[in-house]
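So you can see what is in the structure, the chains are spelled out below.
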Amino acid sequence: MFLPLLVMACGDDGDNSSSAPAGSVTLSETSLTFTETGGEKQVSVTAPGEWDASASDSWIKIKKSGTLETSGRIDITIEENSTRNGRTGTVKVYSKGASAQLTITQTGREPEPVDPTIEVPDGYELVWHDEFDGNELNNRDWRHEVQGPGWVNNELQTYVNTAYDGKFVTEVADGTLKINCFKTADGKVCSGRIYARETEGWCYGIFEARIKLPTGKGTWPAFWMMPVNNDWSVTPWPLCGEIDIMEEVGCNPNYTSSSIHCDAYNHTKNTQKTAERLTQGAQDDFHLYRLEWTQDYIRTYVDGKMLLNFANDGKGNISTWPFKRAFYVILNLAWGGDWGGMNGVDETCLPATMEVDYVRVFQKTK
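Residues numbered from 1 in each chain as written. Predicted model: local features only at pLDDT ≥ 70, side-chain atom pairs only at ≥ 80, totals over all residues. Heavy atoms only, no water.

(A) Local environment of the overall build of the protein chain. Along the backbone of the protein chain there are 1 helix and 28 strands. Counting across all 366 residues of the protein chain, residues that qualify as buried make up 46%. In the protein chain, the proportion of contacts linking residues at least 24 apart, taken out of those at least 6 apart, comes to 66%. For the protein chain, the computed accessible surface area is about 17500 Å², with 47% contributed by carbon and sulfur atoms. Averaging the positions of the 33 positive and the 51 negative side-chain charges in the protein chain gives two centres separated by 3 Å. (Helix = DSSP H or I, 4+ residues; strand = E, 2+ residues; numbered from the N terminus. Buried < 20%, exposed > 50% of the residue type's maximum accessible area, 1.4 Å probe, protein only. Contact = heavy atoms within 4.5 Å. Areas by Shrake-Rupley, 256 points an atom, 1.4 Å probe, with all protein chains shown as cover. Lys, Arg positive; Asp, Glu negative; His and termini not counted. Charge placed at Lys NZ, Arg CZ, Asp CG, Glu CD.)

Listed below in structure tokens is the structure:
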């Protein structure tokens, strides 16, 4: 059934006429509802003449056909909603001064089912996790970086997608993720760097990973975060912010550190906010590294003991607190570089492996 929506327009449509245009835009639907997974639906359009349409939000994708005719169709594709919050948007169709509006609603995702063995902090809920219980990395949640040596920090490794010459830089087996760094037959050192939910991320929460660190002079493993969808021309590093939950360099074994970087506090100015402590056995067994991030502070913990405590100064200045937007999780194993190679590298320790038991993200319940 076609439901006419007539909007009487004030002003003219370009012919300097003061009278309202005749005709109306009619849509086969005036509202559509999608589940959290999104999907595709179609809406038919009739109009008094040529018509056009626009969507109010980027998560609503539209494809128009028949816009030069008085009837046509809009194919609507809705992206997955990975948040707990429902959302509402519109598609507006207009022709000869008249318009009609289609309202689109999408539900938020349901809470993650919680394994009873997972300890959820009081006042929080589990919003995302990877226990690495399968036999391959979930490419829906993770993306590999691909970059050559020297890309950042004068590091020596080549980051590749999954494998190189039949050897895996990332593999899931026996309940853990292995990030491998190895030398290839053609003389490269290859390794892995992966991003979790890179285009979505999370703003505030508790982020934790249980990790066993590699051994050897030249290794530089890290568990850290960077901002989602950053416009580097507007907010270049370090203005954009960076949260380093755990770093360690093999030339200083078992000393794990946490840092934050921003415009006011970063290592290029020798003003970075860093805390380091001996984590006995970090290279021999798994230890728990945690970030607690709120609008008031950033705190990191190793095995439940606080390491770094960085408070929001409350001035609303991006130079000192850019940490009020979504960031995504990064796991990587670098080789050499400004810090990892500060005392040289020892290729006899290759291959080296950073092993991750799980990564979990919790956010406060509403």
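From this point, the discussion proceeds with the structure in view.
(B) Main features of the confidence of the model for the protein chain. Confidence in the prediction for the protein chain averages 92 pLDDT; 93% of positions are at 70 or higher. Low confidence marks residues 1-21, where pLDDT is under 50. Its contacts with residues over four positions away, or in another chain, come to 28 contacts. (pLDDT = per-residue confidence, 0-100.)

(C) Region of the structure containing the sheet that holds strand 9 (residues 98-106). Within the open sheet, the 4 strands sit side by side as 3-9-8-5. Their pairing is mixed. Two strands in the sheet have a free side with no partner beyond their single neighbour: strand 3 (31-34) and strand 5 (52-55). Strand-to-strand, the axes of this sheet are offset by a mean angle of 20°, without reference to chain direction. (Pairing = 2+ DSSP bridges. Axes fitted to C-alpha atoms, helices over the stretch in contact; angles between N-to-C directions.)

(D) Representation of the pattern of salt bridges within the structure. Scanning the entire structure with this criterion turns up 14 salt bridges. In this structure, the salt-bridge partner of Arg 73 is Asp 75, at a minimum N-O distance of 3.2 Å. Taking the shortest distance from any N to any O, the salt bridge between Arg 140 and Glu 80 comes out at 2.3 Å. Of this pair, Arg 140 sits in the loop between strand 10 (124-130) and strand 11 (142-144) while Glu 80 is found in the loop between strand 7 (71-78) and strand 8 (87-95), placing the two residues 60 residues apart along the sequence. Connected via shared salt-bridge partners are Glu 80, Arg 140, Asp 141, Arg 197 and Glu 200. (Salt bridge = Lys/Arg side-chain N within 4 Å of Asp/Glu carboxyl O.)

(E) A look at the sheet that holds strand 11. Taken in spatial order, the 7 strands make up an open sheet running 11-18-27-20-21-22-23, and their pairing is antiparallel. Both edges of this open sheet fall to strand 11 and strand 23 (273-278), since each of them pairs with a single strand only. Sheet twist, expressed as the mean angle between neighbouring strand axes with direction ignored, is 15°.

(F) Spotlight on the packing of aromatic side chains. Throughout the structure, instances matching the rule amount to 13 aromatic pairs. Between Tyr 204 and Trp 293, the aromatic rings sit 5.5 Å apart at their centres with planes inclined by 75°, giving edge-to-face as the arrangement. A residue pair is termed long-range when its members are at least 10 positions apart, and Tyr 204 in the loop between strand 18 (193-196) and strand 19 (205-212) and Trp 293 in strand 24 (residues 287-293) qualify at 89 residues. By way of ring pairs, the aromatic residues Trp 128, Phe 132, Trp 142, Trp 202, Tyr 204, Phe 207, Tyr 265, Trp 293, Phe 310, Trp 321, Phe 323 and Phe 327 are connected into one cluster. A cation over a ring is seen here: Lys 273 above Tyr 265, with NZ or CZ 4.6 Å from the ring centre. One Lys or Arg, Arg 360, reaches over the ring of Tyr 358 and ends 3.5 Å from the middle of that ring. (Phe/Tyr/Trp six-rings, centres within 6.5 Å; stacked < 30°, edge-to-face > 60°. Lys NZ or Arg CZ within 6 Å of the ring centre and 35° of its normal.)

(G) The pairing of strand 3, seen in detail. Every second residue of strand 3 is oriented toward a common face, the buried set being Leu 32 and Phe 34 and the non-buried set Ser 31 and Thr 33. With 4 bridges joining them, strand 3 and strand 9 adopt parallel strand pairing. When the bridges of strand 9 are listed, Phe 34 appears paired with Gln 106.

(H) Representation of the nonpolar core within the structure. Ranked by internal contacts, the top residues of the largest apolar core, which has 48 residues, are Ile 211, Trp 293, Phe 323 and Leu 331. Residues within four places of Leu 331 in sequence aside, it is in contact with Trp 142, Leu 177, Ile 179, Gly 192, Arg 193, Ile 194, Ile 211, Ala 222, Phe 223, Met 354, Val 356 and Val 359. Listed in part, the 20 residues of the second largest apolar core include Leu 27, Leu 32, Val 43 and Ile 76. (Core = buried A, V, L, I, M, F, W, Y, C linked by side-chain atoms within 4.5 Å.)

(I) Structural view of the environment of Ser 257. In this fold, Ser 257 is placed in strand 22 (residues 255-261). With a relative accessible area of 2%, Ser 257 lands in the buried category. Along the primary structure Ser 257 and Asp 244 are separated by 13 residues, whereas in three dimensions their C-alpha atoms are 8.1 Å apart. Not counting chain neighbours up to four residues away, the residues in contact with Ser 257 comprise Ile 245, Met 246, Glu 247, Thr 274, Ala 275, Glu 276, Leu 307 and Trp 339.

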